[in-house]
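Working through the structure, step by step
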Amino acid sequence: MFAFLRRRIYTSLVPLLVVLFGVFLLARLTGDPTNLYLPVSATPDQRAEFAAENGLDKPVLSQMADYLSGVAHLDFGESLRTGESAATMALRAFPATLQLAFFTMLLAIIGAVVIGCWAAYRPNSLADRISSLLSMTAASIPDFWFAITGVWIFAVVLGVLPTSGTGSALSWILPIATLLIRPLGVLTQVVRGAMVSALSAPYVRLARSKGAGDLRVVTHHALRNAAAPALTVAGDLTVGLVNGAVVVEAIFGWPGIGKLMIDAILQRDFAVLQAAVLLTAVSIFVLNILIDAGYALLDARVREKTKV
């Protein structure tokens with residue numbers, strides 16, 4: 001297992017380096033911060049002074065060398081807008097994104113297990129067809145469309161839910177519902193398919209012949225063997241939530257890492273953008289490694305392969 005984890009860490013270093021260089025170069029494409037932070041009437045001397053204070057007067061390769069040297073020492077620079085440490089700003093915003101992703105996936109997993117098992121227990125029944133139709137529809141709805149529609153119906157028309165902030169429990173409903181709809185649809189389909197295969201397996205028929213009840217057959221025999229593929233998909237969806245919460249956080253004003261990225265792009269705050277993207281990338285790589293380790297623990301065949 002430890003050899004497997006070491007290999008996964010080594011293979012993750014290459015895409016991490018790509019992100020490291022890519023975010024530096026792409027951040028510079030947003031424009032010159034001097035034009036944003038200084039008035040139009042600023043003199044050439046004032047512009048030169050601002051650029052020198054923030055290291056923008058150096059060639060791009062020199063700026064990249066300074067950036068990589070700072071990252072090696074866990075120093076991501078300071079925000080152009082606030083003067084605060086970019087790493088501190090990213091670390092302060094990241095827990096809000098993790099909380100959103102955690103509660104979303106928790107509800108998605110619970111809902112998918114209940115609905116998927118219910119549909120798989122009687123395949124091709126009316127309940128199975130309805131749940132399949134609804135789950136496929138949910139998996140196809142774009143997050144931004146659901147977010148805008150939810151704001152219009154529940155905030156503008158009905159006025160029962162807030163559109164932004166985290167001050168009350170009601171402010172969590174629209175962001176979580178927006179992020180929940182697609183993972184719930186995808187996971188329901190995966191659980192349903194895995195449970196249909198598991199319920200038709202010989203060990204399930206053997207358990208039934210020994211007098212095991214329907215609830216025990218589903219929960220203790222079939223669901224345990226159907227958990228491995230569902231775990232893999234749930235992990236991928238969680239990675240997608242962490243990576244794709246940018247739009248949802250921007251729409252609902254959620255103070256997470258996604259909104260921080262959007263604000264940094266609009267404000268051409270290079271240090272904050274670089275710190276936020278790199279923190280997100282590292283968290284995604286760590287999450288992928290944990291998912292692979294969990295899958296190996298659940299599936300004996302994978303454990304045998306990791307020993308090779």
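Higher on the page you've got the structure.
A brief structural summary. Everything numeric in this text was worked out from a predicted model, so none of it was measured. (Residues numbered from 1 in each chain as written. Predicted model: local features only at pLDDT ≥ 70, side-chain atom pairs only at ≥ 80, totals over all residues. Heavy atoms only, no water.)

Here we come to the layout of surface pockets. Computed from the structure, the largest pocket encloses a volume of approximately 490 Å³. Looking at the largest pocket, it is lined by 18 residues, and the ones nearest its centre are N54, F76, G77, E78 and A271. At four residues, the largest contribution of residues to the lining of the largest pocket is made by helix 4 (residues 60-72). Grouping the constituent residues of the lining of the largest pocket by class yields seven nonpolar, six polar and five charged. (1 Å grid on protein atoms, 1.4 Å probe; cavity = no way out; pocket = protein on both sides within 12 Å on 5 of 7 lines; lining within 4 Å. Points joined across faces, edges and corners; volume = space filled by probe spheres on them. Helix = DSSP H or I, 4+ residues; strand = E, 2+ residues; numbered from the N terminus. Nonpolar A, V, L, I, M, F, W, Y, C, P; charged D, E, K, R; others polar.)

Overall, the coordinates contain five aromatic pairs when judged by the stated rule. The interplanar angle of 20° and the centroid separation of 5.4 Å between the aromatic rings of F24 and Y67 together place this pair among those described as stacked. One end of the pair, F24, is in helix 1 (residues 2-28); the other, Y67, is in helix 4, with 43 residues separating them in the sequence. Both residues of the pair, F24 and Y67, count as buried. The interplanar angle of 85° and the centroid separation of 5.8 Å between the aromatic rings of F103 and W172 together place this pair among those described as edge-to-face. With F103 in helix 5 (residues 86-121) and W172 in the loop between helix 7 (143-157) and helix 8 (173-199), the pair connects residues that are 69 residues apart, well separated along the chain. (Phe/Tyr/Trp six-rings, centres within 6.5 Å; stacked < 30°, edge-to-face > 60°. Buried < 20%, exposed > 50% of the residue type's maximum accessible area, 1.4 Å probe, protein only.)

This brings us to the pattern of salt bridges. Counting across every chain of the model gives four salt bridges. Across the pair D66 and K58 runs a salt bridge, and its minimum N-O distance is 2.9 Å. K58 gets classed as partly exposed once you look at its relative accessible area, which sits at 38%. D263 is paired through a salt bridge with K259; the nearest N and O atoms lie 3.0 Å apart. Taken together, the residues D263 and K259, both in helix 11 (residues 257-266) and four residues apart, mark about one turn of the helix. Of the residues examined, K259 reaches a relative accessible area of 25% and is grouped as partly exposed. (Salt bridge = Lys/Arg side-chain N within 4 Å of Asp/Glu carboxyl O.)

Attention now moves to a nonpolar patch on the surface. A cluster of nonpolar side chains, contributed by W152, I153, F154, V156, V157, L158 and V160, occupies part of the molecular surface with about 670 Å² of accessible area. Looking at the secondary structure, you find W152 in helix 7. Taking the relative accessible area as the measure of exposure, W152 reaches 52% and is therefore exposed. (Patch = residues over 30% accessible without salt bridge, like charges linked within 9 Å, V, L, I, M, F, W, Y side chains within 5 Å. Areas by Shrake-Rupley, 256 points an atom, 1.4 Å probe, with all protein chains shown as cover.)

Bringing the side chain of S131 into the picture now. Note that S131 resides in helix 6 (residues 126-140). At a separation of 2.9 Å, a polar atom in the side chain of S131 contacts the main-chain carbonyl oxygen of D128. Setting aside its immediate chain neighbours within four residues, S131 contacts I115 and A119. (Polar contact = N/O pair within 3.5 Å; in protein donor to acceptor, adjacent residues only side chain to side chain. Contact = heavy atoms within 4.5 Å.)

Grouped together as the largest cluster of nonpolar side chains are 66 residues, with contacts concentrated most on F76, L187, M195, I257 and L260. For this core, the element with the highest residue contribution is helix 5, accounting for 14 residues. Setting aside anything within four residues of it in sequence, one finds I257 in contact with A90, A93, F94, T97, E249, A276, L279 and T280. (Core = buried A, V, L, I, M, F, W, Y, C linked by side-chain atoms within 4.5 Å.)

What follows covers the environment of A226. Along the polypeptide, A226 turns up in helix 10 (residues 214-252). A226 gets classed as buried once you look at its relative accessible area, which sits at 4%. As for A226 and A198, which are separated by 28 residues in sequence, their C-alpha atoms are 6.5 Å apart. Beyond its immediate stretch of four places on either side in the chain, A226 contacts A194 and M195.

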